[in-house]
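# Summary of the model geometry
Here are the chains, one letter per residue:
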Amino acid sequence: MSTAIEATGLVKRYGRRGAAALDDCSFRLPTGRISALVGPNGAGKSTLLAIAAGLMRQTSGQLEVLGGVPGESRAKVAYLSQDKPLHPQLSIADTLRLGAELNPERWDGAYAAKIVEQGDLDPKARIRSLSGGQRTRVALALALGKRPELMLLDEPMADLDPLARHELMGTLMADAAEHGTTVLMSSHIVAELADACDHLLLLGDGRIRLGGGIDDLTRAHSLVTGRGDLTGHTVVESRASGRGTTALIRHDGPLGGDWQVQQPSLEELLLAHLRATDAPALLTPGTTARTSGSAVSA
């Protein structure tokens, strides 16, 4: 299985004595996956994406992007940050021409223009006159127009209304499916992730706490409600429910007692792990870094 991104013991500190945004972060993202990068505010998501884009250097550890150091394959990587820094004085047409000049070998001008046209935008309009959502569309047109092998997206749709978000997410997913593009996208909108992504990286305390295919991770857990002894099972989260207990557990053998068992949704899985910050990490074999053995495998 080829690898788009691999981190091994990645650490990033801000200042000599500052807290670590990333702390012994290790994972592997296979090529061709559309991966959600989730975690609480301050978990290190933006830091990880910026390092992968070659815009920031780690303090220690290793990060490989498309088989090389970050920035080495910049022509094959598209990065869209939260603030989407476009030149405000340029028109949309000039912005797309700039994209063509900066990406002469891979640029697909017709495709970039199509994404702009779908938003009913005037190519002569200056960037400074656009709304936040319109700027997002132009920035995404730039990113997709270079036909990248890897897309790094930091909260790309946060400033869009639901309809525009749905339309642009559909454009992004269709492009990824057609061209086999690997996507790593941070977002807080769980429904959006469940519909669009097939892979998950949950970042917390600077490390990957959940990693792997979404179906594999949800199947590795059970949401149980009832009464009985859960000793011997990995209990991610447990809370009182009526006269019994509701718990998210990992499969560690048969259950003793009177339990109703169901597979958790992605939202239930994420919320439980976000609340249970001391739950042991779980990475599927394809997501475990090849030189890292610190995580439990599913």
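Numbering of residues begins from 1 in every chain and follows the order in which that chain's sequence is written. For a predicted model such as this one, the threshold for reporting local features is a pLDDT of at least 70, and the threshold for listing and counting side-chain atom pairs is 80 or more; totals across whole chains, interfaces and linings nevertheless cover every residue. With hydrogens and water set aside, each side-chain value is computed from the structure's full complement of heavy atoms.

The name recorded for the protein in an unreviewed UniProt entry is ABC transporter ATP-binding protein, from Streptomyces kunmingensis.

Looking now at the layout of surface pockets. Here a cavity is any set of points on a 1 Å grid over the protein atoms alone where a 1.4 Å probe fits but cannot get out, and a pocket is any open set with protein on both sides within 12 Å along at least 5 of 7 lines; a residue lines the site when it has an atom within 4 Å of a point. Grid points are joined across faces, edges and corners, and a volume is the space filled by probe spheres set on the points. A volume near 730 Å³ is recorded for the largest pocket. Those elements that place two or more of their residues in the lining of the largest pocket are strand E5 (77-80), helix H2 (92-102) and helix H4 (132-145). Amino acids outside the nonpolar list (Ala, Val, Leu, Ile, Met, Phe, Trp, Tyr, Cys, Pro) and the charged list (Asp, Glu, Lys, Arg) are all regarded as polar, and Gly is one of them. Its residues placed into classes, the lining of the largest pocket shows 15 nonpolar, five polar and three charged. Secondary structure elements are taken from DSSP: a helix is a run of H or I of four residues or more, a strand is a run of E of two residues or more, and numbering for both begins at the N terminus.

A word on the packing of aromatic side chains. Ring pairs are drawn from Phe, Tyr and Trp, using the six-membered ring of Trp, whenever the two centres fall within 6.5 Å, and their geometry is named by plane angle: stacked under 30 degrees, edge-to-face over 60, tilted for the rest. Applying the stated criterion across every chain yields a total of zero aromatic pairs. Over the ring of Tyr14 we find Lys12, and its NZ or CZ is 5.2 Å from the ring centre. Directly above the ring of Tyr111 sits Arg147, whose terminal nitrogen or CZ lies 4.0 Å from the centroid. Charge over a ring is defined by NZ of Lys or CZ of Arg lying within 6 Å of the ring centre and within 35 degrees of the ring normal.

Another aspect to go through is the environment of Thr287. Structurally, the position occupied by Thr287 is in the loop between strand E14 (282-283) and strand E15 (296-297). Taking C-alpha positions, Thr287 is 21 Å from Glu267, a pair spaced 20 residues apart along the chain. The contact definition used throughout considers only heavy atoms, calling two residues in contact when any of these lie within 4.5 Å. In contact with Thr287, other than residues within four places in its own chain, are Phe27, Arg28, His199, Leu201, Gly211 and Gly212.

What follows is about the sheet that holds strand E10 (residues 221-229). One requirement defines pairing of two strands: DSSP has to find at least two bridges between them. Taken together, four strands build an open sheet; the order of strands is E11-E12-E10-E13 and the sheet is antiparallel. Two strands lie at the open edges of the sheet, namely strand E11 (234-241) and strand E13 (256-262), each paired on one side alone. Put simply, the sheet's adjacent strands are angled 30° from each other on average, direction ignored. Sheet topology places E10 next to strand E12 (residues 244-250); six bridges connect them, and they run antiparallel. Pairing of Val224 across the sheet is with Ala247, part of E12. Relative to E11, helix H8 (residues 266-275) is tilted by about 95°, and along the sheet it contacts E10, E11, E12 and E13. Only the stretch in contact is used when a helix axis is fitted, and all axes are lines through C-alpha atoms; the angle between N-to-C directions ranges over 0 to 180 degrees.

On to the state of the cysteines, then. Disulfide: a covalent bond formed between the sulfur atoms of two cysteine residues. Two cysteine sulfurs form a disulfide in these notes if their separation is within 2.5 Å. Inspection of every chain in the model, using the stated rule, returns zero disulfides. For Cys25, which is in no disulfide, the shortest distance to another cysteine sulfur is to Cys197 and amounts to 18 Å.

This part is about the packing of H4 against helix H5 (residues 162-179). Where H4 meets H5, the axes come as close as 12 Å, and the angle between the chain directions of the two elements is 5°. Relative to H5, H4 is oriented roughly parallel. When H4 is examined against H5, the residues Thr136, Arg137, Leu140 and Leu144 are found in contact with a partner set consisting of Glu167, Leu168, Thr171, Leu172 and Asp175. Here the residues of the contact of H4 with H5 are counted per class, giving four nonpolar, two polar and three charged. An angle below 35 degrees is treated as roughly parallel, one above 145 as roughly antiparallel, one from 65 to 115 as roughly perpendicular, and anything else as oblique.

Turning to the side chain of Thr246, a few remarks are in order. You can see Thr246 is positioned in strand E12. With relative accessibility at 7%, the residue Thr246 sits in the buried group. Polar contacts involving the side chain of Thr246 include one to the side chain of Thr225, which spans 3.3 Å. Polar contacts, as used here, are pairs of N or O atoms within 3.5 Å; protein pairs need one atom able to donate a hydrogen and one able to accept it. Residues neighboring in sequence count only if both atoms are side-chain atoms. Within the local environment of Thr246, its side chain forms a polar contact with the side chain of Ser241, the two groups lying 3.2 Å apart. Exposed residues in this analysis have more than 50% of their type's maximum accessible area, buried residues have under 20%, and partly exposed residues fall in between, with area computed by a 1.4 Å probe over protein chains only.

Attention now moves to the pairing of strand E3 (residues 34-38). The buried fraction of E3 amounts to five of the five residues, a majority that puts the element mostly inside the structure. Residues of E3 alternate between two faces, with Ile34, Ala36 and Val38 on one and Ser35 and Leu37 on the opposite face, all of them buried. Bridge count for E3 against strand E7 (residues 182-186) is four bridges, and the pairing is parallel. For Ile34, the partnering residue across the bridge sits in E7 and is Val183.

With that settled, consider the sheet that holds strand E1 (residues 3-13). The strand order E2-E1-E4 describes an open sheet built from three strands, whose pairing is antiparallel. Each of the sheet's edge strands pairs with one partner strand only, and the pair in question is strand E2 (20-30) and strand E4 (60-65). For this sheet the average axis-to-axis angle between neighbouring strands, irrespective of direction, equals 15°. Two strands pair when backbone bridges link them, and E1 and E2 are joined in this way by seven bridges, in the antiparallel orientation. Looking across to E2, one finds that Thr3 is bridged to Pro30. Here helix H1 (residues 45-52) sits on the sheet and contacts E1, E2 and E4; the angle it forms with E2, its principal contact strand, is near 60°.

Time to look at H2. Every buried residue belonging to H2 is among Ile92, Thr95, Leu96 and Gly99, and all of these are buried. Summarising the axial view, the buried residues of H2 lie within an arc of 95°, below the 170-degree limit, and thus occupy one face. Those residues of H2 that are buried lie in contact with helix H3 (109-117) and H4. Each direction from the helix axis to a C-beta atom contributes to the arc, which is the arc of those directions.

As used here, the term nonpolar core means buried Ala, Val, Leu, Ile, Met, Phe, Trp, Tyr and Cys residues forming a set that is joined through side-chain atoms within 4.5 Å. By size, the foremost hydrophobic cluster in this structure holds 54 residues, and its most contacted members are Ile92, Met151, Leu172, Met185, Cys197 and Leu200. Setting aside its immediate chain neighbours within four residues, Leu172 contacts Leu144, Met151, Leu153, Met157 and Met185. Of all hydrophobic cores here, the second largest spans 25 residues; its members include Cys25, Phe27, Ala53 and Leu201.

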